[in-house]
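# Observations on the model geometry
What follows is each chain in one-letter form.
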Amino acid sequence: DCADVAGLLELAQRFDALLLLDDAHGIGTMGEDGRGLAAAVGMSGDPRLIMTGTLGKAFGGYGAFVLAQKPLIAGLIQRMRTLIYSTALPPMLAAAALAALHAMQRGDRLAQLRSNMRYFTKQGGGAAASPIIPWYVGEDGGDAQANIQALAASDALEAQGLRVVAIRPPTVPKGGARLRITLSARHTTEQLDRLLAALRSC
């Protein structure tokens, strides 16, 4: 699911606050050119928005970043202990991140990812607000049983050559164990069909 960025920024405005948005999963997959959730809802660049992202997911590299107004960034550079007592990314990783950014901006991979999301949803794979799609298993309220069923389903899928991780409490609420399906632009419709068939069978 996705946070209500517009609603949260409205609250930030009303109460003279800042909004910190961790967009690790939105960067590279949502919004225009993969600019993230804030871009998808037209809120990029809001002066109250602080956005963090990672170079380790859609970028396929290592590192992270903070986007905010210049005075806030200057303050972080001067006072953030984890930055002061650290070292910069190696130039090779910065170059890899730039190459990944240029690949994202071409748009073909993002278009294919969105096509895969639509296909998966149309074929009965649940709602796809993002490329990370929950597949619920077990019974509501039966935490231990749901955990067992989620792990069993994950193991059954792996035995078929499909890596789908079981997510259990405390990462999700009690009774909410699920499989975490992560779609990519490189998945083919044949692979998605195979995954859907295997999910239904277990």
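We now turn to the structure provided with this report. (Residues numbered from 1 in each chain as written. Predicted model: local features only at pLDDT ≥ 70, side-chain atom pairs only at ≥ 80, totals over all residues. Heavy atoms only, no water.)

Before going further, it helps to spend a moment on the overall build of the protein chain. A tally of regular secondary structure across the protein chain gives 8 helices and 6 strands. Starting at the N terminus, the α and β elements of the protein chain follow one another as α-β-α-β-β-α-α-α-α-β-α-β-β-α. C-alpha atoms of the protein chain, sized along the principal axes, occupy 55 × 40 × 35 Å. Looking at the protein chain as a whole, 32% of its 202 residues are labelled buried. Counting every atom, the protein chain has about 12300 Å² of accessible surface; 56% of that belongs to carbon and sulfur. Once the 20 positive and 17 negative side-chain charges of the protein chain are each reduced to a mean point, those two points are 6 Å apart. (Helix = DSSP H or I, 4+ residues; strand = E, 2+ residues; numbered from the N terminus. Buried < 20%, exposed > 50% of the residue type's maximum accessible area, 1.4 Å probe, protein only. Areas by Shrake-Rupley, 256 points an atom, 1.4 Å probe, with all protein chains shown as cover. Lys, Arg positive; Asp, Glu negative; His and termini not counted. Charge placed at Lys NZ, Arg CZ, Asp CG, Glu CD.)

The next thing to look at is the sheet that holds strand S1 (residues 19–22). Spatially, 3 strands are ordered S1-S2-S3 in an open sheet, and the strand pairing comes out mixed. Two strands bound the open sheet, and with one partner strand each, they are S1 and strand S3 (64–67). Pairwise comparison of adjacent strand axes, ignoring direction, gives a mean angle of 15° for this sheet. In the sheet, S1 pairs with strand S2 (residues 49–54) via 4 bridges, with the strands oriented parallel. (Pairing = 2+ DSSP bridges. Axes fitted to C-alpha atoms, helices over the stretch in contact; angles between N-to-C directions.)

Let us now look at the pairing of strand S6 (residues 178–182). Here strand S4 (residues 132–136) runs beside S6; their pairing, made up of 5 bridges, is antiparallel. Residue pairing in the sheet places Trp-135 in a bridge with Leu-179 of S6.

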